[in-house]
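Here are the chains, one letter per residue:
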Amino acid sequence: FEKLLGKATNKNRLKFFGMSETEILEIEKSGKPHRLVTLFAPRSGIVAHRGIAVGTAVDPTTEIAVILDLSRVWVWAEVPEAASERIKKGMTAHLQLGSNSSSDIAAKVEFIDPLLTETTRALKVRFSLPNPHRNLRPGSYGKAIFKSTPRAALTVPREALVDTGDTQYVYVMTSNELYEPRSV
């Protein structure tokens, strides 16, 4: 039974890689495997990486090729840690991608990585975009502009800040129109 099961499994593997029924029967009759076998990709796309060369022996763990379907692409953006609290799933950002910085693609945040990147201390967020013309390419750079509600904060012009080296303060006008230093 195990021999039959093994044969069926191997037959399915060969069919999966595009081998015809006639080719499989030829191998079964001769009892010898073909030294060279033509494999067909299970889907169309762009070959991004070829893991073998002509004449390379392969086994089930060998990565033959990486094929990318570029009809839909992921765009990753890094958000500085200080602004990461304001980024939410479903939030819209405007993406300017590639060399055409005038392009403006509205996209929603699809995924937020729960971990900050160790080197840049940034939050990684992912967008998924349709790419029917295949003009968005892996490895391209761009900008992601998020529109969020500004937080309320008291600001003063840089020139109003007095820095003594030990402390920083600003002068505040009091009710009796005198100026008092306040530590900031």
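Please read these numbers as outputs of a predicted model, since none were measured by experiment.

K.L.:
Describe the sheet that holds strand 11 (residues 179-183), with residues and values.
P.N.:
Overall, antiparallel pairing links the 3 strands, which are arranged 9-10-11 in an open sheet. One side of each edge strand has no neighbouring strand; the edge strands of this open sheet are strand 9 (162-163) and strand 11. Pairing between strand 9 and strand 10 (residues 168-173): 2 bridges, direction antiparallel. Opposite Val-162, over in strand 10, you have Tyr-169 as the bridge partner.

K.L.:
Run through the environment of Ala-82, naming residues and quoting values.
P.N.:
On the secondary structure map, Ala-82 appears in the loop between strand 3 (72-80) and strand 4 (92-97). Judged by relative accessible area, Ala-82 falls into the exposed class, the value being 70%.

K.L.:
Which residues make up the packing of aromatic side chains, and what values go with them?
P.N.:
Pairs of aromatic rings are described using the distance from one ring centre to the other and the angle between the two planes. As enumerated under the stated definition, the model contains 4 aromatic pairs in all. Geometrically, the ring pair formed by Phe-127 and Phe-146 is tilted, given 6.2 Å between the ring centres and 35 degrees between the ring planes. Here Phe-146 lies in strand 8 (residues 142-146) and Phe-127 lies in strand 7 (residues 122-130), a separation of 19 residues in the sequence. The buried category is assigned to Phe-127, whose relative accessible area is 0%. Among the residues examined, Phe-146 registers a relative accessible area of 21% and is labelled partly exposed. Following the ring pairs from residue to residue traces out a cluster consisting of Trp-74, Trp-76 and Phe-111. When the ring centre of Trp-76 is taken as origin, the NZ or CZ atom of Lys-124, which lies over that ring, is 4.9 Å away. Arg-126 extends its terminal NZ or CZ atom over the ring of Trp-74, reaching a point 3.8 Å from the ring centre.

K.L.:
So, the sheet that holds strand 4: which residues are in play, and what are the values?
P.N.:
Read from one edge to the other, the open sheet built from 3 strands follows the order 5-4-8, with strand pairing classed as antiparallel. The open sheet has two free edges, formed respectively by strand 5 (105-108) and strand 8, since each of these has just one partner strand. Sheet twist, expressed as the mean angle between neighbouring strand axes with direction ignored, is 35 degrees.

K.L.:
Quick one: what's the story with the side chain of Ser-84, residue by residue and with numbers?
P.N.:
By the element assignment, Ser-84 lies in the loop between strand 3 and strand 4. Residue class for Ser-84 comes out buried when judged on its relative accessible area of 17%. Beyond its immediate sequence surroundings of up to four residues, Ser-84 is in contact with Val-79 and Leu-123.

K.L.:
Which residues make up the pairing of strand 4, and what values go with them?
P.N.:
In this sheet, strand 5 lies alongside strand 4 in antiparallel orientation, the contact comprising 4 bridges. Across the sheet, the residue bridging to Ala-93 is Ala-107, located in strand 5. Where strand 4 lies against strand 8, 5 bridges are found, and the strand directions are antiparallel. Paired with His-94 across the two strands is Ile-145, which belongs to strand 8.

K.L.:
Account for the confidence of the model for the chain, with residues named and values stated.
P.N.:
When the pLDDT values of the chain are averaged, the result is 85; 93% of them are 70 or greater. Mean pLDDT values over the elements of the chain span from 64, in helix 1 (residues 2-16), up to 96, in strand 7. When the criterion is pLDDT under 50, residues 1-5 qualifies, and its contacts beyond four places in sequence or with other chains add up to 0 contacts.

K.L.:
Go over a nonpolar patch on the surface with me, naming the residues and quoting the values.
P.N.:
A cluster of nonpolar side chains, Trp-74, Trp-76 and Phe-111, forms an exposed patch at the surface whose accessible area comes to about 340 Å². Relative to the helices and strands, Trp-74 is located in strand 3.

K.L.:
Tell me what's going on with the nonpolar core, and back it up with residues and numbers.
P.N.:
Counting 18 residues, the largest nonpolar core has Ile-87, Leu-95, Val-125, Phe-127 and Leu-129 as its most contacted members. Looking at this core, the elements with two or more residues in it are strand 3, strand 4 and strand 7.

K.L.:
Help me get a handle on the environment of Asp-113, residues and values and all.
P.N.:
Inspection of the secondary structure assignment puts Asp-113 in strand 6 (residues 111-116). Beyond its immediate sequence surroundings of up to four residues, Asp-113 is in contact with Leu-123 and Lys-124.

Here is what the cut-offs are and how they apply
- In every chain, residue numbers begin from 1 and rise along the written sequence.
- pLDDT decides what is reported in this predicted model: residues at 70 or higher carry local features, side-chain atom pairs at 80 or more are listed and counted, and totals for whole chains, interfaces and linings draw on all residues regardless.
- Remark: hydrogens and water are excluded; side-chain values derive from all non-hydrogen atoms of the structure.
- Two strands are said to pair when DSSP picks up at least two bridges between them.
- Working definition: helices are DSSP H or I runs of at least four residues, strands are E runs of at least two. Numbering for both runs from the N terminus.
- When accessible area is computed with a 1.4 Å probe and restricted to protein chains, residues below 20% of their type maximum are described as buried, those above 50% as exposed, and intermediate ones as partly exposed.
- Working definition: a ring pair exists when centres of Phe, Tyr or Trp rings (six-membered ring for Trp) sit within 6.5 Å. Plane angles under 30 degrees give stacked, over 60 give edge-to-face, the rest tilted.
- Here, a charge over a ring means that NZ of Lys or CZ of Arg falls within 6 Å of the ring centre while also lying within 35 degrees of the ring normal.
- Think of each axis as a best-fit line through the C-alpha atoms, taken over the contacting stretch in the case of a helix, with angles from 0 to 180 degrees between the N-to-C directions.
- We call two residues contacting when some pair of their heavy atoms lies within 4.5 Å.
- What pLDDT reports is the predictor's confidence in each residue, on a scale of 0 through 100.
- The patches described consist of residues with a relative accessible area above 30% and no salt bridge, like charges being joined within 9 Å and nonpolar side chains (Val, Leu, Ile, Met, Phe, Trp, Tyr) within 5 Å.
- For the accessible areas, the method is Shrake-Rupley and the probe is 1.4 Å, while residue cover comes only from the protein chains on display.
- Any Lys or Arg side-chain nitrogen found within 4 Å of a carboxyl oxygen on Asp or Glu counts as a salt bridge.
- For the purposes of this section, nonpolar cores are sets of buried Ala, Val, Leu, Ile, Met, Phe, Trp, Tyr and Cys residues that join through side-chain atoms within 4.5 Å.

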